[in-house]
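Observations on the model geometry
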Amino acid sequence: MEDVVDHGTGGEAGERATRRDEAVRAAVEQGLLGPDAAVVGLLDVIGIRKAAADLRAAFDAVLPPGTPVLHAFAVKATPLAPVLRLLHEEGIGAEVASPGELALARAAGVPASRTVLDSPAKTPAELREALALGIAVNADNPQELERLDALVRAAPTRSPLGIRVNPQVGGGTIGATSTATETSKFGVALRDEGAREWVVQAYADRPWLTRLHAHTGSQGIPLALMARGVAETYALAEEINARVGRRQIDTLDIGGGLPVNFAAEATAPTHADYARVLAEAVPGLCDGRYGLVTEFGRSLLAKHGTVVARVEYTKQAGGRRIAVTHAGVQVATRTVYAPGAWPLRLAAYDAKGRPKPGPAVVQDVAGPACFSGDLLAEGRALPLLEQGDYAAALDTGAYYFAHHYAYNSLARPGIYGFAPDGAGGMAFATVREPQTVAEVVAESGGAHAFALTTLRAHGSR
Ligand SMILES: *Cc1c(COP(=O)(O)O)cnc(C)c1O
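The rules behind the values
Residues numbered from 1 in each chain as written. Predicted model: local features only at pLDDT ≥ 70, side-chain atom pairs only at ≥ 80, totals over all residues. Heavy atoms only, no water. Domains from an automatic or database assignment. Contact = heavy atoms within 4.5 Å. Buried area = accessible area lost by both parts, 1.4 Å probe. Salt bridge = Lys/Arg side-chain N within 4 Å of Asp/Glu carboxyl O. Polar contact = N/O pair within 3.5 Å; in protein donor to acceptor, adjacent residues only side chain to side chain. Core = buried A, V, L, I, M, F, W, Y, C linked by side-chain atoms within 4.5 Å. Buried < 20%, exposed > 50% of the residue type's maximum accessible area, 1.4 Å probe, protein only. Near = heavy atom within 4 Å. Areas by Shrake-Rupley, 256 points an atom, 1.4 Å probe, with all protein chains shown as cover. Nonpolar A, V, L, I, M, F, W, Y, C, P; charged D, E, K, R; others polar. 1 Å grid on protein atoms, 1.4 Å probe; cavity = no way out; pocket = protein on both sides within 12 Å on 5 of 7 lines; lining within 4 Å. Points joined across faces, edges and corners; volume = space filled by probe spheres on them. Helix = DSSP H or I, 4+ residues; strand = E, 2+ residues; numbered from the N terminus. Expected span 1.5 Å × (residues − 1). Arc of directions from axis to C-beta. Axes fitted to C-alpha atoms, helices over the stretch in contact; angles between N-to-C directions. Parallel < 35°, antiparallel > 145°, perpendicular 65-115°, else oblique. Left-handed = near helix turned anticlockwise from the far one by under 90°. Pairing = 2+ DSSP bridges. Right-handed = clockwise from strand over helix to strand, strands pointing away.

**What to know about the domain arrangement of the chain**
Annotation of the chain at the domain level lists domain 1 (11-44 + 302-443) and domain 2 (46-301). On a C-alpha basis, the centres of domain 1 and domain 2 stand 33 Å from each other. Residue-level contacts link 28 residues of domain 1 with 27 residues of domain 2. Surface buried jointly by domain 1 and domain 2 totals about 2,400 Å² across both partners, of which 61% is contributed by carbon and sulfur atoms. In this assembly, domain 1 and domain 2 are joined by four salt bridges. The interface formed by domain 1 and domain 2 includes 18 residue pairs in polar contact (both at pLDDT 80 or more).

**Comments concerning the nonpolar core**
Core analysis: the biggest nonpolar cluster contains 102 residues, and L43, F59, V165, Y274, L278, L285 and L301 have the highest contact counts within it. If you look at the next biggest cluster of nonpolar residues, it comprises 18 residues, including A23, V28, A347 and Y349.

**Here's the deal with the site of the ligand**
The local shell around the ligand holds 14 residues, among which K76, G257, E295, R298 and Y399 are the closest. The contact in question runs from a nitrogen atom of the ligand to an N or O atom on the side chain of E295, over 2.7 Å. R298 has a polar backbone atom sitting 2.8 Å from an oxygen atom of the ligand. For the ligand, the protein covers 92% of the area, taking 390 Å² as the surface of the free molecule. Classifying every residue of the shell around the ligand gives three nonpolar, five polar and six charged.

**Things to note about the layout of surface pockets**
It is the rolling of a water-molecule-sized probe over the atoms that shows where space remains empty. Considered as a void within the structure, the second largest pocket measures approximately 300 Å³ in volume. Forming the boundary of the second largest pocket are 17 residues, of which A37, A38, V39, A411 and P413 lie nearest the centre. When grouped by side-chain class, the residues that make up the lining of the second largest pocket number ten nonpolar, five polar and two charged.

**Some details on helix 2 (residues 45-60)**
In this model helix 2 runs 23 Å from its N-terminal to its C-terminal C-alpha over 16 residues, within 8% of the 22 Å that 1.5 Å per residue would give. The set of residues buried in helix 2 consists of G47, I48, A51, A52, L55, A58 and F59. Down the axis of helix 2, the sector holding all buried residues measures 140°, keeping them to one side.

**Things to note about the packing of helix 8 (residues 223-244) against helix 9 (residues 271-281)**
Packing of helix 8 against helix 9 leaves a shortest axis separation of 10 Å and a crossing angle of 50°. In terms of orientation, helix 8 and helix 9 fall into the oblique class. In terms of crossing hand, the pair formed by helix 8 and helix 9 is right-handed. Contact with helix 8, carried on its side by L223, M226, A227 and V230, involves D273, Y274, V277, L278 and A281 of helix 9 and no other residues of that element.

**Remarks on the pattern of salt bridges**
The final tally for this structure, using the stated rule, is 27 salt bridges. Two residues, R56 and E90, come together in a salt bridge whose shortest N-O distance is 4.0 Å. Separated by 34 residues along the polypeptide, R56 in helix 2 and E90 in the loop between helix 3 (81-89) and strand 3 (93-96) bring together distant segments of the chain. Take R56: its relative accessible area is 30%, and that puts it in the partly exposed class. Since its relative accessible area comes to 14%, E90 is described here as buried. Its salt-bridge partner being E443, residue R412 comes within 3.1 Å of it at the nearest N-O pair. Of this pair, R412 sits in the loop between strand 16 (390-393) and strand 17 (414-420) while E443 sits in helix 12 (residues 437-443), and the two are 31 residues apart along the sequence. Residue class for R412 comes out partly exposed when judged on its relative accessible area of 27%.

**Quick look at the packing of helix 5 (residues 124-133) against helix 6 (residues 142-154)**
The axes of two packed helices give the description: the angle between them and the distance between them. Orientation of helix 5 relative to helix 6, taken along the N-to-C sense of each, is 50°, at an axis distance of 10 Å. Between helix 5 and helix 6, the interaxial angle falls into the category oblique. With respect to the hand of their crossing, helix 5 and helix 6 are arranged in right-handed fashion. Between helix 5, through P124, L127, R128 and L131, and helix 6, the contact on the second element is made entirely by E144, R147, L148, L151 and V152. Partitioning the contact of helix 5 with helix 6 into residue classes produces six nonpolar, no polar and three charged.

**Examining the pairing of strand 3**
The two faces of strand 3 match: G93 and E95 on one face and A94 and V96 on the other face are all buried. Pairing analysis gives three bridges linking strand 2 (residues 69-74) to strand 3, with the strands arranged parallel. Each bridged residue has a counterpart across the sheet, and for A74 the counterpart in strand 3 is E95. The pairing of strand 3 with strand 4 (residues 115-117) spans three bridges and is classified as parallel. By the bridge assignment, V96 is partnered in strand 4 with L117. Crossover strand 3 to strand 4 through helix 4 (residues 99-107) is right-handed.

**Quick word on the pairing of strand 11 (residues 305-317)**
Two elements, strand 1 (residues 39-44) and strand 11, share five bridges in a ladder whose sense is antiparallel. If you follow L43 over to strand 11, its bridge partner there is G305. Pairing analysis gives four bridges linking strand 11 to strand 16, with the strands arranged antiparallel. Opposite V307, over in strand 16, you have A393 as the bridge partner. With six bridges connecting them, strand 11 and strand 12 (residues 320-325) associate as antiparallel partners. Residue pairing for strand 12: T314 is matched across the bridge by A323. What sits between strand 11 and strand 12 in their antiparallel hairpin is a turn of two residues, with G318 showing a positive phi close to 55°.

And the structure:
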């Protein structure tokens, strides 16, 4: 891990770090962050806009002009309506995988024509709604395809429909996010006996199946392996189209899963790197014969979010310095439970929100939850954090503060977007209000406080 945040590199990464520093200071100055708001999530609006523009440019650079492309943001990465709206304005659609995610995309005004539904457990009602709205659906398995058969027979639909396959090209360094292993739960496992022939026949029998989907990448997966998954998918589409004697499959959905560099400020690999690898490894994908859908999540948002938490106390135990902050397992669940797989860079700020100078001192940065493993970082060398300072967990714009984990009934923090105000300062917009304690009670059965004792009284009669 690069413990000292590198502002010296200039360029995009340096500018992003500078904006982040200014946002932390302004958040303290403006009272969004302080003794009574001890943890917040911050989102860099300029960074998000730029990431969206870079994604579009990356694929435009390797595709013939006019090739239909839909970049559908994987809503699960940052399920916040204002983020979906911002991305929509930047030309990015939505990939949804639950009724909640679909509702969020609709609340953000993402049209059905720019929405893709992909969950592995879609109910008949979800499928019916998707087809009624005209949302693209990728069937996960033969049983789901039977449900689509019935719906397509019952009513015409505008929904582009496809099947999700698992090319079984192998996993990466993180088991829980590897989707293309031999036994992954997603899609039709293509190398299993008889599976490939089943898929080909399924398309031959259903002229309305016009898409083919695979999502084989994720954190910990090398680009070359991701490209192999796409190559296998492309080869299958070619085989199907040859079998049926026409270009029935007109669009390939290559999923998302571009890994994020959590070890340094730089964006690496970039979407442009991946697009180039794809164009090289699967030239037929990029010759304009197929429309393209992508579903990037983490790589679009991770670098543009920051958790900032106040240091409530500092102490020492067994010779180890410990800063007890308000950010732990509730906002950084993956990192706390699997620190080896999901390490985060941390930055130290003083009580006024200014980057903290000083020599690096090895310390633990702990969260507020009541179990000893609740650590944002263990034995990390950082400028010494003191009471009233702030610790920031960087690159947390995806799968972190938007994925609150209600351990210890800790309240969801407020989330604010920031952008330069044009007068040398930072302006903030509320993305999500901080949860109140009254809301915590309401969501935790507050209205039913006597439900169980009443039940016992009835039962004993
Ligand atoms: C999670 C998911 C994505 C996004 O993955 P990232 O690693 O966040 O890019 C895309 N497509 C599907 C089907 C997914 O399940």
